[in-house]
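# Survey of secondary and tertiary structure
Read off the chains here:
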Amino acid sequence: MNRTIKQLIVVQMKEYWREPEVLFWTLGFPIMVASVLSLLYSFKPAVNYKAAIIEYHARTDSAIAKRNIPFTDTREIVIPGKSSRKISLERMTMQNAEKAYQSGKIEIIIEIKDGSTVQYYFDPANERTENLYLWIDHTVHENNDGIVSKIAPLSQRGSRYIDYLIPGLIALGIMNATLWGIGWTLIEFRIKKFLRRMIVTPMKKLDFMLSISLTRLLLSIIEAGILIIFAHYVFGVSMQGNPLVFAFVFLSGHVAFSGMSILMASRANNTRVANGLINIITMPMFLLSGVFFNYHSFPDWMITLIQYLPLTVLADSLRNVFLFGGGMANVIFPVSYLLTFGAVFYLLGLKMYRWY
Amino acid sequence: MTALKPEIPMIEVCDVVKSYKDQIAVNKVNFVINHGDYVALLGPNGAGKTTIIEMIEGIIKPDSGEIKIDGLKWAGNEKYLKSILGVSLQETRFMDKLTVQETLKLFSALYNTSHDRVDDIIRQTGLGEKKNSYVDNLSGGQKQKLAIGISLLNDPKILLMDEPTTGLDPQARREIWDILKALKLQGRTMILTTHYMEEAEYLCDKIIMMNSGNILAEGNLRNLLNRHAEGGIIEITAETEPNALALYDLINSINGLCQISEKKVYMKSATPVPLLKKILSLAEKNDIPVNNLQCRSMTLDDLFILMAGRHLHE
Ligand SMILES: Nc1ncnc2c1ncn2[C@@H]1O[C@H](COP(=O)(O)OP(=O)(O)O)[C@@H](O)[C@H]1O
Ligand SMILES: [Mg+2]
């Protein structure tokens, strides 16, 4: 790396570490958000259970009919003695049940294999579902002799809110680090005439832009690293997919938002404009892109638009790799989209860029 | 005479025009600066000093006209020209949370000069005690010294200093003058912009007076004053502004070169004493009270008022 880029990165890092408030807001804030939201979530009275009953054939049907198993059809069952707790049962195919399970819509799958075997699919590591299983199984055995219970452990990935939240926060961190970090820095340098002073040196403009972008990449990595470690040790959230694929998606997000930041900062020469521009860009994505809550509850026509927002693409792809173990093949399109998006904005930004 | 080839001027500014949306900032300006000269662009705010100096620096481009530095135009010679120019911009701020030394180190990397240069510069600008202070905590004078220090990193042949002492207290201004004066002994060329006539007089061999994008006069201090006013300046202060106006009309009828500014009327005269007598008797005859009367030798500010109708700093 050449001397110019190295020095430019060093000074930006120094300036960053020497601003305690900035340090707090960028490093501490995501952790705070994660903690508060997950706390709020855990207070939510999640009293009702959801379970899936697998569709079965008429042949087993008749065998079951002789038995007294209460868990055979779509219905709600009140748990005796705990009148506020219910189990909602829903009949579906095994395929649908697995999907519903992985996305956290149901907590246990009950499959009645024939007249005498009941198989349960759930995550034994999860205390709540463990209890659910024990209660269901107890009820089944209470009314029937000679029924065999089998457990098929099925780990449930990314079903908790905190699981959903962490990749979203990482995506949000990338957006904020670039738009505030790169965009604001560029505008501030212009206002202070620092940019003007630098371009009368033989510094290459590309080196300058690279150094700014690399500095923020470095900081984003530190920020995301801290969040991931924190989430791992405090909430037991861990990455399912290949970390290299995750890094690749991360990088493409950084490129997309760097391009956007440079374009955004190409003209503005006062802080009010800068502030307004950054908010106009980040606010809608902050609210719509599903960082905090799933955007699928919006109307369909909006979802179509939302899916093209770079933050949505980034958050969804990070989530895909982080929670569901998605591989390169699953993210290659979104990553290409983000990279193209970044390159186009970057070139436009450089073309329009006012250096003085 | 042993001159074999004509010496190339360090800076040539030829018919340069630059306008912004609603006004002409620099209007067909011409001047030449020779090797080793210290030249002041002297003029009030908005005269066009910064615009000219930033065109020389290559930051902005003239609408028309030509600028040559060391015989070269900017196009195609950026690398060389950047290496011989030492630039201190008007009101540049550096990164707040970097120290003096770190800031110099950064620019030393941008200019790709040796690391020893940083220590030299710290010594030269007298910032030794402050080298580990954040830029944020420097006084105005120290910040300006840092800016000058940065401009020296690449050991430039030409210094371009845009208002290096504006807003500083007299002590700090003195210190900066000393630094700049010491640099002259090293054979550098300098353009300095200012609206302090003392600064131009103290530091520069040649003074270019500017107003509203035009050059009003240029030359060294002596011949500027001699050319434009032998004799002296008469300054009369009237009791009220209407009185001053009446006085101005009276004097204008007998002496054309006369200016008014609030309650004061100025004129230059080659023969101040008889003129004074005449004015006093005229004032008495017309019943115009005079509060104060001065007869003194001319300054650059007087000259500026006579030519532009305004003070150098308002
Ligand atoms: N970027 C700009 N846009 C519009 N007008 C400008 C700009 N820069 C300078 N001017 C105008 O050009 C004139 C000359 O400005 P400047 O060169 O800064 O004067 P000085 O340095 O002598 O104070 C001023 O009237 C100023 O308002
Ligand atoms: Mg100026």
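This one's a predicted model, so the numbers in the text were calculated from it and none came from an experiment.

Those residues of helix H4 (residues 94–102) of chain A not exposed but buried are Ala 97, Ala 100, Tyr 101 and Gln 102 of chain A. Buried residues along H4 of chain A sit against strand S1 (49–54), strand S3 (86–92), strand S4 (108–114), strand S5 (117–122) and helix H12 (310–324) of chain A.

Attention now goes to the packing of helix H9 (residues 243–264) of chain A against helix H10 (residues 271–288) of chain A. Residue and element names in this part refer to chain A. Direction vectors running N to C along H9 and H10 enclose 150 degrees, while the axes themselves pass 10 Å from each other. The element H9 and its partner H10 pack so that their crossing is right-handed. Residues Phe 257, Met 260 and Met 264 of H9 touch H10, and the partners they reach there are Leu 277, Ile 278, Ile 281 and Met 285. Taken together, the residues of the contact of H9 with H10 sort by class into 7 nonpolar, no polar and no charged.

Below, the discussion takes up the sheet that holds S1 of chain A. Each strand in a sheet pairs with another by means of backbone hydrogen bonds, the pair being arranged parallel or else antiparallel. Residues and elements named next belong to chain A. Judged by pairing direction, the sheet is mixed, and its 6 strands sit side by side in the order S2-S3-S1-S4-S5-S6 without closing on themselves. Edge strands, defined here as strands with exactly one partner in the open sheet, are strand S2 (75–78) and strand S6 (148–153). With direction set aside, neighbouring strand axes in the sheet form an average angle of 25 degrees. Along the sheet, helix H5 (residues 127–143) makes contact with S1, S2, S3, S4, S5 and S6, crossing S5 at roughly 170 degrees.

Bringing the interface of chain B and chain A into the picture now. Taken together, the contacts link 31 residues of chain B with 23 residues of chain A. Between chain B and chain A, the buried area comes to about 2800 Å², and carbon and sulfur atoms account for 61% of it. If you sort the residues of chain B by the area they bury against chain A, Met 95, Lys 97 and Leu 110 of chain B come out on top, with a joint share of 23%. Our count for the contact surface shared by chain B and chain A stands at 4 salt bridges. Here Arg 196 of chain A and Glu 54 of chain B are joined by a salt bridge, their closest N and O atoms 2.4 Å apart. Summed over the shared surface of chain B and chain A, the number is 17 residue pairs in polar contact (both at pLDDT 80 or more). Only helix H3 (100–110) and helix H5 (140–152) of chain B provide two or more residues apiece to the side of chain B that touches chain A. No other element matches the 7 residues that H3 of chain B contributes to the side of chain B that touches chain A. Partitioned by chemical class, the residues of the side of chain B that touches chain A number 14 nonpolar, 8 polar and 9 charged.

All names here are of chain A. Examined bridge by bridge, S1 and S3 share 6 bridges and lie parallel to one another. Of the residues in S3, the one forming a bridge with Ala 51 is Leu 89. With 4 bridges joining them, S2 and S3 adopt antiparallel strand pairing. Bridge pairing links Glu 76 to Ser 88 in S3.

Our focus in this paragraph is the domain arrangement of chain A. As far as domains go, chain A holds domain 1 (47–153) and domain 2 (161–352). If you average the C-alpha positions of domain 1 of chain A and of domain 2 of chain A, the two centres end up 43 Å apart.

A few words now on the coordination of the magnesium ion (ligand 2). Around a metal, the idealised angle for a tetrahedral arrangement of four donor atoms is 109.5 degrees; for an octahedral arrangement of six donor atoms it is 90 or 180 degrees. Residue and element names in this part refer to chain B. Binding of the magnesium ion (ligand 2) to the protein goes through Thr 50 (OG1) and Gln 90 (OE1), at separations of 1.9 to 2.2 Å. One end of the pair, Thr 50, is in helix H1 (residues 49–56); the other, Gln 90, is in the loop between strand S5 (85–88) and H3, with 40 residues separating them in the sequence. Residue Gln 90 is classed as buried on the basis of its relative accessible area of 15%.

Residues and elements named next belong to chain B. Taken together, Tyr 20, Gln 23, Ala 25, Pro 44, Asn 45, Gly 46, Ala 47, Gly 48, Lys 49, Thr 50 and Thr 51 make up the full set of residues near ligand 1. Interatomic distance of 2.7 Å between a backbone N/O atom of Gly 46 and an oxygen atom of ligand 1. With respect to ligand 1, the backbone of Lys 49 contributes an N or O atom lying 2.9 Å from an oxygen atom. Computed on the free molecule, ligand 1 has an accessible area of 560 Å², of which 64% lies beneath the protein chains in the complex. Broken down by element, the residue count for the shell around ligand 1 peaks at 3 residues, all from H1. In the shell around ligand 1, the residues fall into 4 nonpolar, 6 polar and 1 charged.

The next thing to look at is the nonpolar core. Counting residues in hydrophobic clusters, the biggest one holds 148 residues, and the most contacted among them are Phe 208 of chain A together with Phe 31 and Ile 56 of chain B. Apart from the residues within four sequence positions on either side, Phe 208 of chain A is in contact with Leu 8, Leu 186, Phe 189, Leu 195, Met 198, Met 203 and Trp 355 of chain A. Core analysis: the second largest hydrophobic core is formed by 31 residues, Ala 52, Ile 53, Met 92 and Tyr 133 of chain A among them.

When pLDDT is averaged across chain A, the result is 85; 90% of the residues are at 70 or more. By mean pLDDT, the top-scoring element of chain A is H9 of chain A (96), and the lowest-scoring one is helix H3 (residues 58–66) of chain A (59).

All names here are of chain B. Taken in spatial order, the 3 strands make up an open sheet running S2-S1-S4, and their pairing is antiparallel. Sheet topology places strand S2 (23–33) and strand S4 (64–69) at the edges, where each strand pairs with a single neighbour. The mean inter-strand angle of the sheet, taken between neighbouring strand axes irrespective of direction, is 20 degrees. Bridge analysis of strand S1 (residues 11–20) against S4 gives 5 bridges, and the strand direction is antiparallel. What sits directly across from Ile 11, in S4, is Ile 69.

To continue, consider the pattern of salt bridges. All names here are of chain B. A full pass over the atoms with the stated rule returns 19 salt bridges over all chains. A salt bridge links Arg 296 to Glu 235; the nearest nitrogen and oxygen atoms lie 2.5 Å apart. Of this pair, Arg 296 sits in strand S13 (residues 290–296) while Glu 235 is found in strand S10 (residues 232–238), placing the two residues 61 residues apart along the sequence. What emerges from the salt-bridge pattern is a single network uniting Glu 235, Lys 264, Arg 296 and Asp 302.

This part is about the environment of Lys 61 of chain B. All names here are of chain B. Note that Lys 61 resides in the loop between H1 and S4. Between the C-alpha atom of Lys 61 and that of Ala 217, which follows or precedes it by 156 residues, the distance is 25 Å. Apart from the residues within four sequence positions on either side, Lys 61 is in contact with Lys 18 and Met 55.

The general pattern is negative phi for most residues beyond glycine and trans for most peptide bonds. The backbone phi angle of Lys 193 of chain A is positive, close to 65 degrees, even though this residue is not glycine. With respect to the element layout, Lys 193 of chain A can be found in the loop between helix H6 (161–191) and helix H7 (194–199). One non-glycine residue, Glu 163 of chain B, lies in positive phi territory at about 45 degrees. Along the chain, the position of Glu 163 of chain B falls in the loop between strand S6 (158–162) and helix H6 (170–185).

Residue and element names in this part refer to chain A. The geometry of H9 relative to helix H13 (residues 328–352) is characterised by a closest axis approach of 7 Å and an angle of 25 degrees between their N-to-C directions. Here H9 lies roughly parallel to H13, going by the angle between them. Every pair of crossing elements has a handedness; the one defined by H9 and H13 is left-handed. Of the residues assigned to the contact of H9 with H13, the class counts are 19 nonpolar, 5 polar and no charged.

All names here are of chain B. Here H1 lies mainly inside the structure; 7 of its 8 residues are buried. Regarding H1, the residues found buried are Lys 49, Thr 51, Ile 52, Ile 53, Glu 54, Met 55 and Ile 56. Positive phi appears at Gly 58, one or two residues downstream of H1, with a value of about 80 degrees.

Rules behind the numbers
- Residues numbered from 1 in each chain as written.
- Chains lettered and ligands numbered in written order.
- Predicted model: local features only at pLDDT ≥ 70, side-chain atom pairs only at ≥ 80, totals over all residues.
- Heavy atoms only, no water.
- Buried < 20%, exposed > 50% of the residue type's maximum accessible area, 1.4 Å probe, protein only.
- Helix = DSSP H or I, 4+ residues; strand = E, 2+ residues; numbered from the N terminus.
- Contact = heavy atoms within 4.5 Å.
- Axes fitted to C-alpha atoms, helices over the stretch in contact; angles between N-to-C directions.
- Left-handed = near helix turned anticlockwise from the far one by under 90°.
- Nonpolar A, V, L, I, M, F, W, Y, C, P; charged D, E, K, R; others polar.
- Pairing = 2+ DSSP bridges.
- Buried area = accessible area lost by both parts, 1.4 Å probe.
- Salt bridge = Lys/Arg side-chain N within 4 Å of Asp/Glu carboxyl O.
- Polar contact = N/O pair within 3.5 Å; in protein donor to acceptor, adjacent residues only side chain to side chain.
- Domains from an automatic or database assignment.
- Donors = N, O, S within 2.8 Å, 3.2 Å for Na, K, Ca; no water.
- Near = heavy atom within 4 Å.
- Areas by Shrake-Rupley, 256 points an atom, 1.4 Å probe, with all protein chains shown as cover.
- Core = buried A, V, L, I, M, F, W, Y, C linked by side-chain atoms within 4.5 Å.
- pLDDT = per-residue confidence, 0-100.
- Parallel < 35°, antiparallel > 145°, perpendicular 65-115°, else oblique.

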